[in-house]
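Chain and residue survey
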Amino acid sequence: MLVGPELIRAINKQRVLRLVRSAGAMSRADLAERTGLTRPTVSAVVAELLEEGWVEEIGTGESSGGRPPILLRFNPRARWVIGAELGAGHVRAVLADLAGNVFDRVKQRVESHDPLVEVGQLERAMKHLLAQVPKKGPPIPVAGIGIGITGVIDTEEGIWRYSPHYKVRDLPVAQMLQERLLLPVWLENDARAMAWGERSFGAAKGVDNLAFIRVGVGLGAGIIIDGRLYGGAYQGAGEIGHIMVKERGLRCRCGSDGCLETVGSAVAIARRAVQRMAQEETLIRDLCGGDPSQVIATTVIEAADAGDRVAQEILAEAGRYLGIGIGSMINLLNPAMVIIGGGTSRAGDHLIEPLRQAALERTLPALREKVKIVRTALGEDAGPLGGAALVIEELFRAPTLK
Ligand SMILES: [Zn+2]
């Protein structure tokens with residue numbers, strides 16, 4: 001732990017770096033003025049930051065009489081970060097720089113429901129990306145690994161507490177991967193990591209109050225309030241899939257009935273398609289070769305894109321139910337933006353237009369006028385880039401630079 005002058009030096013360094021990172025190109029004189037630090041202190045800090053590669057000199061600015069000042073800029077290639085997502089049925093991972101530019105990707109299907117197998121799969125994906133580092137640019141360190149995982153995560157301890165999909169209980173994933181990969185690892189719930197990814201690099205840059213809705217096999221919401229991820233008292237916030245939207249509805253896997261997940265998830269869309277293809281003429285039947293067990297939400301999206309009316313109605317129905325749940329959430333939280341992501345958001349306006357309409361119908365006029373409901377800007381990268389963004393957040397929060 002740092003104490004006394006060393007700690008002060010580290011804090012000054014962090015202040016200067018954060019300012020250069022957020023405010024763009026600046027001279028040493030600008031930095032002194034904006035931070036209130038003395039010129040010699042700024043010069044010493046900048047020399048250190050240049051030496052370590054965190055900032056770079058990019059030529060000269062306007063002169064105010066004397067010698068034109070040298071401008072400094074944050075260097076997004078100062079460190080690599082690795083971000084990953086373990087969802088229900090897939091692993092995705094990216095190698096990125098500090099500005100969220102992706103240099104390599106891994107995408108794998110997950111067949112197992114065994115959490116230990118899945119941690120092994122994550123480890124292999126990370127090792128693949130780490131092996132790419134020397135080929136992709138300057139020989140700079142990897143700052144760490146951030147992973148969004150489906151289920152309830154203890155972010156403080158890095159423990160995967162619970163997931164209905166993987167039947168996991170209290171698995172210390174961060175510690176396991178740290179020991180195997182020798183890098184710091186942070187965990188977060190997947191929808192929350194996606195929300196953070198969109199705020200850092202996607203649709204919600206600079207937005208302090210927002211919700212990201214992950215529509216896939218299950219439903220989840222990542223909520224950001226006043227610029228911070230909201231986890232609730234016990235990291236269980238955001239379970240929008242279990243809001244009741246249909247009285248006397250289907251039994252949900254949570255034990256209740258009529259939950260949003262039973263009518264608005266990818267599983268619900270596939271179930272509805274199987275029901276309707278038994279009764280009506282639809283392209284869905286051709287796409288699945290007449291085999292109902294082959295129908296997934298993607299089949300329905302494909303049919304809807306090809307103009308199939310039944311498929312479009314199924315997606316619109318799911319969208320309306322999602323809108324009912326999201327409208328309630330908007331009334332409760334007053335977000336500036338709601339981002340629809342996850343695999344099923346590929347349905348685009350077939351799903352999102354009816355969703356938007358149903359949500360806004362149920363939102364109080366004062367809140368309705370301002371809230372934006374948009375599709376994910378990062379698409380499949382939202383999860384892994386969210387993981388990367390968590391590492392970057394830690395990097396610039398800590399009082400000492402790693
Ligand atoms: Zn439920």
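Residues numbered from 1 in each chain as written. Predicted model: local features only at pLDDT ≥ 70, side-chain atom pairs only at ≥ 80, totals over all residues.

Taken in spatial order, the 5 strands line up as S14-S13-S12-S15-S16 in an open sheet, and their pairing is mixed. The open sheet has two edge strands with one neighbour each: strand S14 (228-230) and strand S16 (372-375). Averaged over all pairs of adjacent strands, the angle between their axes in this sheet comes to 25°, without regard to strand direction. The strands touched by helix H6 (residues 190-201) are strand S12 (210-215), strand S13 (219-225), S14 and strand S15 (337-341); relative to S13, the strand with the most contacts, the crossing angle is about 50°. This element, helix H11 (residues 309-333), spans S12, S13 and S15 of the sheet and lies at about 160° to S12. (Pairing = 2+ DSSP bridges. Helix = DSSP H or I, 4+ residues; strand = E, 2+ residues; numbered from the N terminus. Axes fitted to C-alpha atoms, helices over the stretch in contact; angles between N-to-C directions. Contact = placed C-beta atoms within 7 Å.)

What follows covers the sheet that holds strand S3 (residues 70-74). The strands making up a sheet associate through hydrogen bonds between their backbones, and the pairing can be parallel or antiparallel. A sheet is described by the order of its strands in space; here 3 strands give the open sequence S1-S3-S2, paired in antiparallel fashion. Bordering the open sheet on either side are strand S1 (26-27) and strand S2 (55-60), each of which pairs with just one other strand. Two strands pair when backbone bridges link them, and S1 and S3 are joined in this way by 2 bridges, in the antiparallel orientation. Across the sheet, residue Ser-27 finds its bridge partner in S3, namely Leu-71. On top of the sheet, helix H1 (residues 4-23) reaches S1, S2 and S3; it is set at about 90° to S3, its chief contact.

Moving on: the domain arrangement of the chain. Assigned domains within the chain: domain 1 (4-74), domain 2 (80-201 + 382-397) and domain 3 (210-376). With centres defined by C-alpha atoms, the gap from domain 1 to domain 2 works out at 32 Å. (Domains from an automatic or database assignment.)

This part covers the pairing of S13. Most of S13 is tucked away, with 6 of its 7 residues classed as buried. Note that S12 and S13 share 6 bridges and pair antiparallel. Bridging across to S13, Val-215 finds its partner in Leu-219. Here S12 folds back onto S13, and the loop between the two strands holds 3 residues. Here 3 bridges tie S13 to S14, and the two strands are oriented antiparallel to one another. Bridge pairing links Ile-224 to Leu-229 in S14. Turn length for the S13-S14 hairpin, with the two strands adjacent in sequence and antiparallel, is 2 residues, and the turn residue Asp-226 shows positive phi of about 50°. (Buried ≥ 20, exposed ≤ 12 C-beta atoms within 10 Å, placed from the backbone.)

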